[in-house]
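Examining the three-dimensional arrangement
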Amino acid sequence: MGKTGSINWHQVKGVNGQIRLVPQKEGEVKKPGPNQRFKRASIVTKIESRMANAPQQGRRGPKIADPRVRRRIRRSKKSMMGAKAKAKR
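Residues numbered from 1 in each chain as written. Predicted model: local features only at pLDDT ≥ 70, side-chain atom pairs only at ≥ 80, totals over all residues. Heavy atoms only, no water.

Secondary structure assignment for the chain yields 1 helix and 5 strands. Ordered by position in the sequence, the α and β elements of the chain form the string β-β-β-α-β-β. Residues counted as buried form 15% of the 89 residues belonging to the chain. Counting contacts in the chain only where the partners sit at least 6 residues apart, residues at least 24 apart contribute 63% of the total. For the chain, the computed accessible surface area is about 8200 Å², with 51% contributed by carbon and sulfur atoms. (Helix = DSSP H or I, 4+ residues; strand = E, 2+ residues; numbered from the N terminus. Buried < 20%, exposed > 50% of the residue type's maximum accessible area, 1.4 Å probe, protein only. Contact = heavy atoms within 4.5 Å. Areas by Shrake-Rupley, 256 points an atom, 1.4 Å probe, with all protein chains shown as cover.)

Here's what the structure looks like:
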């Protein structure tokens, strides 16, 4: 995890209203849960058909990414509380 005190923490409201601390990079976005990791099959087929109809760009062809996977989900503004204040010694 690094040296002591090297991580910047953000405060986030949890499910029951409690305040949790998360690392700074997860302060504005969150990882999806197991039920939200993949998009619906109908959306995947639409994306695949659009990629097939799109003209190829550049020498290497179109950028092919797995459209089924959701990388990050935006956290609601209500639950983001901002950076945790540094402790006073």
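With that settled, the discussion passes to the pattern of salt bridges. This structure, assessed with the given rule, holds 1 salt bridge. Linking E28 and R74 is a salt bridge whose minimum nitrogen-to-oxygen distance equals 3.8 Å. Placement of the pair is E28 in the loop between strand 2 (19-23) and strand 3 (29-30) and R74 in strand 4 (residues 73-74), with a sequence separation of 46 residues. On the basis of relative accessible area, R74 is assigned to the exposed category, the value being 55%. (Salt bridge = Lys/Arg side-chain N within 4 Å of Asp/Glu carboxyl O.)

A few words now on the side chain of H10. Within the fold, H10 resides in strand 1 (residues 9-13). Overall, the relative accessible area of 15% leaves H10 in the buried class. Not counting residues within four places of it along the chain, the set of residues in contact with H10 comprises R20, L21, V22, Q24, G27, G82, A83 and K84.

Moving on, we get to the pairing of strand 2. As defined by bridge partners, strand 1 adjoins strand 2 across 5 bridges and the pair is classed as antiparallel. From the neighbouring strand, K13 faces strand 2, where its bridge partner is I19. Taking the residues that link successive antiparallel strands as the turn, the strand 1-strand 2 hairpin has 5 residues, and the phi of G17 there is positive, at about 90°. (Pairing = 2+ DSSP bridges.)

A surface patch of positive charge is lined by K25, K31, R37 and R72. Relative to the helices and strands, R72 is located in the loop between helix 1 (41-53) and strand 4. (Patch = residues over 30% accessible without salt bridge, like charges linked within 9 Å, V, L, I, M, F, W, Y side chains within 5 Å. Lys, Arg positive; Asp, Glu negative; His and termini not counted. Charge placed at Lys NZ, Arg CZ, Asp CG, Glu CD.)

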